[in-house]
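Residues per chain, in single letters:
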Amino acid sequence: MIFKASTRTRPALRRVRTTESLRPLYHRLDPARVEEIPLTAGDGTRLGLTRVDTGSADRPAVLLLHGHTASADMFLQPETRNLVDVLLDAGHEPWLLDWRGSCRLPYNETGRRYTYDDVALYDIPAAVAAVRARIGDRPLFVVAHCIGSLTLSLSLAAGLVPGLAGVVSQGVFLTPKLAGRTSLRMTVAGELLKTRIDHIPVDFAKVGLWSKYTPLFALAARKADCPDPTCQILHNSAWGTGASLFVHENLSAATHARLAELLGPAPLWILPHLRRIELARTVVRWHDTDLRYRSLPPNALDAAGRIDTPVLLLAGSENGLWLDSQKLCHEVLARRQPQLDVRYAEIPGYGHLDTFLGRGAALDVFGHILEFLDERR
Ligand SMILES: [Zn+2]
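The rules behind these values
- Residues numbered from 1 in each chain as written.
- Predicted model: local features only at pLDDT ≥ 70, side-chain atom pairs only at ≥ 80, totals over all residues.
- Helix = DSSP H or I, 4+ residues; strand = E, 2+ residues; numbered from the N terminus.
- Buried ≥ 20, exposed ≤ 12 C-beta atoms within 10 Å, placed from the backbone.
- Contact = placed C-beta atoms within 7 Å.
- Pairing = 2+ DSSP bridges.
- Core = buried A, V, L, I, M, F, W, Y, C linked by C-beta atoms within 7 Å.
- Domains from an automatic or database assignment.
- Axes fitted to C-alpha atoms, helices over the stretch in contact; angles between N-to-C directions.
- Parallel < 35°, antiparallel > 145°, perpendicular 65-115°, else oblique.
- Nonpolar A, V, L, I, M, F, W, Y, C, P; charged D, E, K, R; others polar.
- Left-handed = near helix turned anticlockwise from the far one by under 90°.

Draft legend 1. Quick peek at the overall build of the protein chain. Across its full length, the protein chain holds 15 helices and 10 strands. Scored against the burial criterion, the 377 residues of the protein chain give a buried share of 49%. The contacts of the protein chain with a sequence gap of at least 6 include a subset with a gap of at least 24, amounting to 76%.

And the structure:
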């Protein structure tokens, strides 16, 4: 009886959660050209996949992977010339994945907990398969930012997404080196987890002046040049880690005003996996004993020989979150996997998120991406 009762309730709960719609994309494209495709990951989690229809059937496809707590919106922002604009003009077909860490997904703050293993094992391979089902044998590139790129490195090292035409990785890839490591451990994990906070919010308007989060915002406000609390918690503190997510002057006023929309709350329950990765200085699998994850390598750097595609490592010279991880990755791969086609490009005067969100990113950053894609299309 107990078994029967529990099997009756579970599907109902799941149905409630997954029938909610994704938050609408915010863009200035012709809505008729934006196709949202239902996508479910290998473990049943609902994701978002968007194709921008170009009216042409022979363009190379480029799949864009956002960072954790961001969303596909980071590549479509209407206030600047964004990456999708640039790809369309250069003859590519953009595809955008909202993987399970996207702030557009309705379960972002309330859904099932996960680790980056799930993104590498279930989300990215499902998206690549869905794109391939539509484009056939046309070339498929991936451009990935931050955790989207870190998890992609694990998928690649596992051989789960073979045959890509090329990968552009921004901020971090196989050798994560975090800024503010001490604060990541002490401030966030130590102080906040024990007060039962499981997400760090960024939208001060929603949080209000007095709440359990007030000390966190107060900490981020110290020595801040900008009066906006949402900006302070991202720019000065990166969700309480003590790092910085962008070079402030690189954002337009419109993007600055939309930060709470572009970046959602950061879950604290992901920290144990992030800490393990940080301590290992490489992307390591979280699940050691669960056989469902056995196709992921325990250590992605050790398995990097399985990467079968050219890689462009991009980084802003002022990256205040992942520091010089990309330069390090380039040096390590050149030594350990000299057969791989890996190059490194540093963007002077840029931080982390501003490499995509910056007012001048089309001029300063996207040219590097196009050049790489054009050489291999
Ligand atoms: Zn600001």
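Draft legend 2. Looking closely at the pairing of strand β4 (residues 93–98). Among the six residues that make up β4, six are buried, leaving the element largely enclosed by the rest of the structure. Side chains Glu 93, Trp 95 and Leu 97 project from β4 onto one buried face, and the interleaved Pro 94, Leu 96 and Asp 98 project onto a second face that is buried too. Where strand β2 (residues 46–52) and β4 come together, four bridges link them in antiparallel fashion. Note that in β4 the partner of Leu 49 across the bridge is Leu 97. Judged from the five bridges that link them, strand β3 (residues 61–65) and β4 form a sheet pairing that is parallel. When the sheet's bridge partners are listed, Leu 65 is paired in β4 with Leu 97.

Draft legend 3. Molecular detail of the nonpolar core. If you look at the biggest cluster of nonpolar residues, it comprises 112 residues, and the most contacted ones within it are Val 62, Leu 63, Leu 64, Phe 75, Ala 127 and Val 142. Per-element tally for this core: the top contributor is helix α3 (residues 116–135), with 11 residues. Domain assignment of the residues forming this core places at least three in each of domain 1 (2–176 + 286–376) and domain 2 (181–269). Beyond its immediate sequence surroundings of up to four residues, Phe 75 is in contact with Leu 64, Asn 82, Leu 83, Val 84, Leu 96 and Phe 356.

Draft legend 4. Looking closely at the sheet that holds strand β6 (residues 166–170). Taken together, eight strands build an open sheet; the order of strands is β1-β2-β4-β3-β5-β6-β9-β10 and the sheet is mixed. Two strands lie at the open edges of the sheet, namely β1 (34–40) and β10 (342–347), each paired on one side alone. For this sheet, the mean angle separating the axes of adjacent strands, direction not counted, is 20°. For β3 and strand β5 (residues 140–145), the ladder comprises five bridges, and the chain directions are parallel. Along β5, the bridge assignment pairs Leu 64 with Val 143.

Draft legend 5. Examining the environment of Val 172 more closely. With respect to the secondary-structure elements, Val 172 resides in the loop between β6 and α5 (181–193). A C-alpha to C-alpha distance of 9.4 Å links Val 172 and Ala 144, two positions 28 residues apart in sequence. Excluding anything up to four places from it in sequence, Val 172 contacts Cys 146, Ser 149, Leu 150, Trp 322, Ser 325 and Gln 326.

Draft legend 6. Here's a closer look at the packing of α3 against helix α4 (residues 147–157). Look at α3 against α4: their axes get within 8 Å of each other, and the N-to-C directions meet at 80°. Looking at the two axes, α3 sits roughly perpendicular to α4. Facing α3, whose interface residues are Tyr 116, Val 119, Ala 120, Ile 124 and Pro 125, α4 presents Ile 147, Leu 150, Thr 151, Leu 152, Leu 154 and Ser 155. In the contact of α3 with α4, the residues fall into nine nonpolar, two polar and no charged.

Draft legend 7. Inspection of the pairing of β1 at higher detail. Two elements, β1 and β2, share seven bridges in a ladder whose sense is antiparallel. Within β2, the position partnered with Thr 40 by the bridge is Arg 46. Hairpin connection, β1 to β2: the antiparallel pair is bridged by five residues, and Gly 44 has positive phi, about 90°.

Draft legend 8. Up close: the packing of helix α7 (residues 214–221) against helix α8 (residues 229–236). In contact at an axis separation of 8 Å, α7 and α8 are set at 70° when each is read in the N-to-C sense. On the basis of the axis angle, α7 is roughly perpendicular to α8. Of the two possible hands of crossing, α7 and α8 adopt the one that is left-handed. Contacts between α7 and α8 involve Phe 217, Ala 220 and Ala 221 on the former and, on the latter, Pro 229, Gln 232, Ile 233 and Asn 236. Here the contact of α7 with α8 is built from residues that sort into five nonpolar, two polar and no charged.

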